[in-house]
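Summary of structural features
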Amino acid sequence: MENQPMLKVTNLTKKFGNLVAVNNASMEVYPGEIVGLIGPNGAGKTTLFNAITGLYKPENGKVVFKGVNITGFLPHKICKLGMSRTFQVTRAFLHMTVEDTVRVGAYNRRNEKNVLAKVDEIIELCELGDIRTRVCGDLGLAQLRKVELARALATEPEMLLLDEAGAGLNATELSAFMTLLQSLNKDYHITFCVVEHVMQMVMGICQRIVVLDSGELIASGTPSEISHNQRVIEAYLGKRAVNYVN
Amino acid sequence: MIETATQSVITGTMMGIIYALIALGLSIIFGVMNVVNFAHGDFVMLAMYLSFTVGTLFAWDAVITPVITVPLLFVFGLITYYLLIDRTLRQMYVVQLAVTVGLQILMRSAALIIWQAQPRALQYSFIQGNIEIGPYSILTSRLVGAVVSLIFIGGIAYFLNKTWSGKAMRAASDDLDVASLMGVNYHRTYALTFAIGAALTAVAGGLLMSFQQTDPQGGVRFGLLSWCVLALAGLGSLPGLIVSGIIVGIAETFAISFIDPRARLLAVYAIFILVLWLRPRGLFGRK
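Residues numbered from 1 in each chain as written. Chains lettered and ligands numbered in written order. Predicted model: local features only at pLDDT ≥ 70, side-chain atom pairs only at ≥ 80, totals over all residues. Heavy atoms only, no water.

**Quick look at the packing of helix 4 (residues 115-125) of chain A against helix 5 (residues 141-154) of chain A**
Residues and elements named next belong to chain A. Note the cut-off: Convention adopted: a line fitted to C-alpha atoms gives each axis, helices being fitted over their contacting stretch, and angles between N-to-C directions are expressed from 0 to 180 degrees. Only runs of H or I of at least four residues qualify as helices and only runs of E of at least two qualify as strands under DSSP, and these elements are numbered from the N terminus. Here a crossing is taken to be left-handed if its near helix is turned anticlockwise relative to the far helix by less than a right angle, and right-handed if that turn runs clockwise. Contacts are residue-level and defined by heavy atoms, with any inter-residue pair within 4.5 Å sufficient. Just so you know the grouping, Ala, Val, Leu, Ile, Met, Phe, Trp, Tyr, Cys and Pro go in nonpolar, Asp, Glu, Lys and Arg go in charged, and all remaining residues, Gly too, go in polar.
Two elements in contact, helix 4 and helix 5, have axes separated by 10 Å at closest approach and are oriented at 145 degrees. The two elements helix 4 and helix 5 cross, and the hand of that crossing is right-handed. Contact with helix 4, carried on its side by K118, I122 and L125, involves A150, L153 and A154 of helix 5 and no other residues of that element. Broken down by class, the residue content of the contact of helix 4 with helix 5 amounts to five nonpolar, no polar and one charged.

**Let's talk about the layout of surface pockets**
Residue and element names in this part refer to chain B. Put simply, the rule is: In the cavity and pocket records, a cavity denotes points on a 1 Å grid over the protein atoms alone where a 1.4 Å probe fits but cannot get out, a pocket denotes an open set with protein on both sides within 12 Å along at least 5 of 7 lines, and lining residues are residues with an atom within 4 Å of a point. Grid points are joined across faces, edges and corners, and a volume is the space filled by probe spheres set on the points.
Roughly 650 Å³ of internal volume is contained in the largest pocket. Lining of the largest pocket is provided by 35 residues; of these, F30, G31, M33, N34 and L235 occupy positions nearest its centre. For the lining of the largest pocket, the secondary-structure elements that each account for two or more residues are helix 1 (2-33), helix 4 (93-115), helix 6 (164-174), helix 7 (176-181), helix 8 (186-209), helix 9 (218-233) and helix 11 (264-278). If you tally residues by element for the lining of the largest pocket, the top one is helix 1, at four residues. For the lining of the largest pocket, the per-class residue count stands at 19 nonpolar, eight polar and eight charged.

**Looking at the nonpolar core**
Inclusion rule: Nonpolar cores were defined as sets of buried Ala, Val, Leu, Ile, Met, Phe, Trp, Tyr and Cys residues, with membership established by side-chain atoms within 4.5 Å. Per-residue accessibility, obtained with a 1.4 Å probe over protein chains only, is compared with the maximum for each type, and a residue is labelled buried under 20%, exposed over 50%, and partly exposed between these values.
Core analysis: the largest hydrophobic core is formed by 89 residues, its most contacted members being M33(B), Y190(B) and V248(B). Among the elements that make up this core, the one with the highest residue count is helix 1 of chain B (15 residues). M33(B) has contacts with I28(B), Y81(B), I85(B), Y190(B), T193(B) and F194(B), leaving out every residue within four places of it along the chain. Within the second largest apolar cluster, 45 residues are counted, among which are V98(A), L128(A), L162(A) and I209(A).

**Comments concerning a nonpolar patch on the surface**
Cut-off, in case you're wondering: Here, patches come from residues exposed beyond 30% relative accessible area and free of salt bridges, joined within 9 Å for like charges and within 5 Å for nonpolar side chains (Val, Leu, Ile, Met, Phe, Trp, Tyr). The protein chains shown are the only cover counted for residues, whose accessible areas, like all others here, come from Shrake-Rupley with a 1.4 Å probe. In the sections that follow, a salt bridge refers to a side-chain nitrogen of Lys or Arg positioned within 4 Å of a carboxyl oxygen of Asp or Glu.
On the surface, a cluster of nonpolar side chains totalling about 640 Å² of accessible area is made up of L57(B), F58(B), W60(B), I64(B), V67(B) and F126(B). Assignment of secondary structure puts F58(B) in helix 2 (residues 40-58).

**Focus on helix 5 of chain A**
We count it as follows: Here the expected length of a helix is defined as 1.5 Å per residue gap, with one fewer gap than residues.
Compared with the 20 Å implied by 1.5 Å per residue over 14 residues, the 20 Å span of helix 5 of chain A between its first and last C-alpha is a close match. Judged by how many residues are buried, helix 5 of chain A sits mostly within the fold: ten of 14 residues are covered. Inspection of helix 5 of chain A places L144(A), R145(A), V147(A), E148(A), L149(A), A150(A), R151(A), A152(A), L153(A) and A154(A) among the buried residues, and these make up the whole buried set. Of the surrounding secondary structure, the elements contacted by the buried residues of helix 5 of chain A are strand 6 (83-85), helix 3 (98-106), helix 4, strand 7 (159-163) and helix 6 (171-187) of chain A together with helix 7 of chain B. Phi for E156(A), located one or two positions after helix 5 of chain A, is positive at around 55 degrees.

**What about the state of the cysteines?**
All names here are of chain A. Rule in force here: Any cysteine sulfur atom paired with another within 2.5 Å is treated as part of a disulfide.
Counted under the stated rule, the structure contains zero disulfides over all chains. Between C79, a cysteine without a disulfide, and C126, which holds the nearest cysteine sulfur, the sulfur-to-sulfur distance is 16 Å. With no disulfide partner, C193 has as its closest neighbouring cysteine sulfur the one in C206, 8.5 Å distant. Note on C193: relative accessible area 1%, which makes it buried.

**A word on the interface of chain B and chain A**
To keep things clear, this is the line we draw: Buried area adds together the accessible area that both of two parts lose upon being put together, with accessible area traced by a 1.4 Å probe. Polar contacts, as counted here, are pairs of nitrogen or oxygen atoms within 3.5 Å of one another; within protein the pair requires one atom able to donate a hydrogen and one able to accept it, and residues that are adjacent in sequence qualify only if both atoms are side-chain atoms.
Facing the 22 residues of chain B at the interface are 25 residues of chain A. Between chain B and chain A, the buried area comes to about 2,000 Å², and carbon and sulfur atoms account for 64% of it. Sorting the residues of chain B by area buried against chain A places K167(B), L181(B) and M182(B) first, and these three jointly supply 35% of that buried surface. Put simply, chain B and chain A have four salt bridges between them. The partner of R170(B) in a salt bridge is D100(A), with the nearest N and O atoms 2.8 Å apart. At the junction of chain B with chain A, the criterion picks out nine residue pairs in polar contact (both at pLDDT 80 or more). When residues of the side of chain B that touches chain A are traced back to their parent elements, those giving at least two are helix 5 (140-162), helix 6, helix 7 and helix 8 of chain B.

**Comments concerning helix 3 of chain A**
Helical periodicity: at 3.6 residues per turn, an α-helix aligns residues three or four positions apart in one direction. Counted residue by residue, helix 3 of chain A has nine buried out of nine residues, so it is predominantly covered. Among all positions in helix 3 of chain A, only V98(A), E99(A), D100(A), T101(A), V102(A), R103(A), V104(A), G105(A) and A106(A) are buried. In this fold, the buried residues of helix 3 of chain A make contact with helix 4 and helix 5 of chain A together with helix 5 and helix 6 of chain B.

Any functional reading would require information beyond the geometric quantities listed.
Put into structure tokens, the structure is as follows:
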């Protein structure tokens, strides 16, 4: 493992009024890793993503990306630095075509002259050729998830945050998706942090897992360590379940 | 009777296309930024005065004055955005309303101070005159106005669909946060949107000054007109905006021809109220 983390979150706290959505959370992601961020519903995973990518300003704490303190940066600056993401509830540009959507992402690093090459490459990679000229508002969920991934990839990120990108996919789609992520990780050298409920995916592709519960970080380790961790089992199934599991 | 009606349709169509150009500025600002610019009509008024000043100063024809007034209004739009609008974006809606209404009053007062209360007009334009077709006559100034307006509306359509900035504006219009996360600088995109909206009023102002006069209260009329056209068209369709402009233009000329010249605003108000009542999203609006 490389010594310098690509992403380092330190003591991050985000409140909404009296609700502490993320409480003093710290985590690191190293270059080349695929890290899973898991936790029960409402644990603060999406909030943490929003705070990292600049949508929310945290009350406290620090986010450092590639050695730059990006806390409080506007989202487009963070994107320029090389971080992109997808959304739990798909957020497509509903009045734009798939091609234009990918193009908006691709302009992050390219200009009118060489943008099209990237758009073509990404559309090919994500197998969007058939629906290239369709308007996003007319697409189904599985297609929109692909478009979102394509849009994020088009920005040419070094790090990609995926928010439940595997949710709602059937077994075939899921295994194709996992293969795609692994090839992106290897061939495009993209570091991933994925929020995921689909355990098959988390256990299948994540080298390391971080567990969040009620806004606090409760565990971090390899998939097998995490699946035997007492606090994690407690958080997911309740205290009494620990006895049964053991 | 039929001749008068046909003549009204001809004149109204051409005026209506100019109205569509005026409403286009309001439409892209509202559509992209979700900002309701109550001072839009006064941007037209200011553009007309600037056109008057430029035309007088250089002894230019009104239709050429946009060469100077478009950059002026563009910069004025940028300044307005960064000094006022940008600060209202994350505020309550009522703050935006207060700021743009305040801007409206400010612009009217400034026009009163600079150009005094009397109406101002330029010398007869070289596009004055008629084209006679049978019993009907087409005013050359209106025809030129309509053609130039169509060219600019087409240009904006091209800009929105084919260029990087245009795509960024459409993306920001659909989902600002996501556009921002995909590398779109929303301050710059918004500033550009507002400045283009302002600059379009300068084109319209030059065209209008070739056959109309302006006064400090002129903004009321153009504000209402552009609101009416936008309400009728709905957001997101440029052809719809042109058609709506034409409907409003024809309604206005009919009111002038068949009721009374003073009834022109009555027709506009009537359409406005009917649309809001019967079809709030407009005839061609998305969603």
